[in-house]
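Architecture and fold: a report
Residue-level listing of the chains:
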Amino acid sequence: MERPLPKPALAVVPVAFLVLFLGLSVINLNNLPGIGLVTPFLKAMAAIPVIGDALWQSIPVPIPLIGATLVASCVAWRLGLTWREIEDSFSHGIMLALGACLILLVIGILIGTWVLSGIVPTMVYYGLKLISPSVFLVATCVICCIVSLASGSSWATAGTVGVAMIGVGTGLGFPLPMVAGAIVSGAYFGDKMSPLSDTTNLAPAVAGTDLFSHVKHMVYTTMPALVLALALYAVLGLRYTGGAIDPRGVNEILGTLDANFVITPWLLVVPGLVFALVIARMPALPALTLGAIAGGVAAMIAQGSKLSAVLLVSNNGYTAHTGVAGVDNLLSRGGLTSMFPTLAIIFTAMCFGGVMERSGMLESLASVVLRFAKSTGSLVAATIATCIGMNIIAPDQYLSIVVPGRMYRGAYQRAGLDAKNLSRVLEDAGTLSSPLFPWNTCGAYMTATLGVFSFAYLPYAFLNLICPVVSIIYGYTGWTIARVGPAGIPQPEAAGETA
């Protein structure tokens, strides 16, 4: 017999503890600046015996996630789930992210071999020589847009050209959160718009429309958001023109790379091969694996590395000893083991999301939001809020599309709205907000790959922030909102209809 949905007041308890635990875990009073009444209050809490001690240290994210999962499991048990069902929900949640975890491990190996082989140093070298500081952020976003659109993978984009652009940005003196924000914006443009992307195919399937109607309809929200994002990057880039960059620092990096690696355009054949394989529709995992192997072969040919060095770097990552601290920090990365902390975040987050879904608590919370959807605009806003909420509390990009899609499909039909409206909104919020939270699978990956914390680059991920706002504006104004007639026949899209 199907269980009734839990009451929202009970379903919100694990979410409240999640927010509390995560909030307390990131607080470190040793580094926290004075904030009005907040700092004295936190210091008073820190005086509480035993538990107050945690406020003086930043606690790794998996620990508060485990705590929130324990609370969610207790609530689920109170709702009638057996331990076997709770355990199965953990396994189901982890299985949803297992493919992503395998890609994450391969990306770790790929980064290690690409640094050892000189591929990443070569990309950084030519990037510093060819890209002007005034257009760097715009160029970074556009390059990532092109690569992600061609490959359909935000992860492959960030793990290849994204890592290189971090290096170029370091050399040009840009704040790394700003560079990472431009990379994330460009990478998720293609993740959202490319017909090769899994989410681009998943959203219309869940909403009940076809792929190409979905892609065409997304142009109306995504392109204005991208134009605004590029304009903001151009404004930020103006701060780095006219002598703001010390050429001695750039020349030091160029000289260090040239002295420690064989720099040649031939090394760019390897990333070209990876992009060609992905464009040819080879799945990401084997394509990236071949890229990692090719990187190891290139290291032995171009740099004269021994096989043992390639294998050790594949596992432990590359450690640079150039004598220049900035270059060493840039190149010391990658390796299988470097991704283990990220896997811990993903596993614990998916356990939390799994038990929340199996117990019906997710659906209960989302149903509360649906009650406020009285017009087209409020329905769109409710969908966006639910997608973002799913990325927070059921931290996986796929769940943020599938669960709201299943929930709101009937509501869009009853409102006389074409299914492509729903599929567009699912991507505007579900796909684009996923890398903004460090415990989400996408946010954890971007943090591990780019070396920048999600909340640090969040203010600069302009496309990801602007697109949901554009979508809500369209919902309330009726612009580009497609409707269906009484018999389900599509009607012309509104150009300025009021919801």
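In case you missed it, the structure is sitting above this.
Description of the structure in this document. Just so it is clear, the model here is predicted, and its values are computed rather than measured. (Residues numbered from 1 in each chain as written. Predicted model: local features only at pLDDT ≥ 70, side-chain atom pairs only at ≥ 80, totals over all residues. Heavy atoms only, no water.)

**Observations concerning a nonpolar patch on the surface**
Just so we agree on the cut-off: By definition, no residue in a patch forms a salt bridge, and every one has over 30% relative accessible area; like charges are joined within 9 Å, nonpolar side chains (Val, Leu, Ile, Met, Phe, Trp, Tyr) within 5 Å. The accessible surface values rely on the Shrake-Rupley method and a 1.4 Å probe; as for residues, cover is taken only from the protein chains in view. Any Lys or Arg side-chain nitrogen located within 4 Å of an Asp or Glu carboxyl oxygen qualifies as a salt bridge. The helix and strand labels rest on DSSP assignments: H or I over at least four residues marks a helix, E over at least two residues marks a strand, and numbering proceeds from the N terminus. Summary of the burial criterion: residues with accessible area below 20% of their type's maximum are buried, those above 50% are exposed, and those between are partly exposed, where the area comes from a 1.4 Å probe applied to protein chains only.
Together, L290, I293, V297, M300, I301, L307 and L311 line one region of the surface with nonpolar side chains, adding up to about 660 Å² of accessible area. At the level of elements, α13 (284-302) and α14 (307-316) are the ones that each hand at least two residues to the nonpolar patch. Sort the elements by how many residues they give to the nonpolar patch and α13 lands first, with five residues. Inspection of the secondary structure puts L290 in helix α13. In this structure L290 comes out as partly exposed when scored by relative accessible area, which is 39%.

**Some points on unusual backbone geometry**
Across residues other than glycine, the phi torsion is negative in most instances, and most of the peptide bonds are trans. The phi torsion at T480 lies on the positive side, around 60°, for a residue other than glycine. With respect to the helices and strands, the residue T480 is situated in the segment after α23 (462-477). The exposure class of T480 is buried, given its relative accessible area of 12%.

**Comments concerning the pattern of salt bridges**
Within this structure, the stated rule accounts for two salt bridges. Among the salt bridges present, the one from E87 reaches R84, with a minimum N-O distance of 3.1 Å. Here E87 and its partner R84 are both found in helix α4 (residues 83-116), three residues apart, which amounts to about one turn of the helix. By relative accessible area, E87 is classed as partly exposed at 29%.

**Some remarks on the environment of V327**
Heads up, the rule is: Should any heavy atoms of two residues lie within 4.5 Å, those residues are considered in contact.
Here V327 is to be found in helix α15 (residues 325-331). Residue V327 is classed as buried on the basis of its relative accessible area of 1%. Between the C-alpha atom of V327 and that of A419, which follows or precedes it by 92 residues, the distance is 50 Å. Those residues in contact with V327 that lie beyond four places of it in its chain are I253, T256, L257 and T322.

**Some remarks on the packing of aromatic side chains**
Heads up, the condition is: Think of it this way: a Phe, Tyr or Trp ring, Trp meaning its six-membered ring, pairs with another when their centres are within 6.5 Å, and the plane angle makes it stacked under 30 degrees, edge-to-face over 60, tilted otherwise.
Using the criterion set out here, one finds twelve aromatic pairs in the structure. Each ring, one from F261 and one from Y318, has its centre 6.2 Å from the other, and the planes form 45°; the classification is tilted. Taken together, the positions of F261 in the loop between α11 (247-260) and α12 (269-279) and Y318 in the loop between α14 and α15 put the pair 57 residues apart, joining distant regions of the chain. An identical accessibility class is assigned to F261 and Y318; each is buried. The rings of F437, W439, F453 and F455 are connected pair by pair, giving a single aromatic cluster.

**Quick word on the state of the cysteines**
Formally, a disulfide is one covalent bond, and it connects the sulfur atom of one cysteine to the sulfur atom of another. Note the threshold: Two cysteine sulfur atoms make up a disulfide if the distance between them is within 2.5 Å.
For the coordinates displayed, the defined rule picks out zero disulfides. Summary of cysteine pairing: C74 is not part of a disulfide, and the nearest cysteine sulfur, belonging to C351, is at 14 Å. Unpaired in terms of disulfides, C145 finds its nearest cysteine sulfur in C141, a separation of 4.2 Å. Note on C145: relative accessible area 7%, which makes it buried.

**Here we look at the side chain of S185**
Position of S185 among the secondary structure elements: in helix α8 (residues 176-193). Other than its neighbours up to four places away in sequence, S185 contacts C141, Y233, Y460, A461, F462, L463 and N464.

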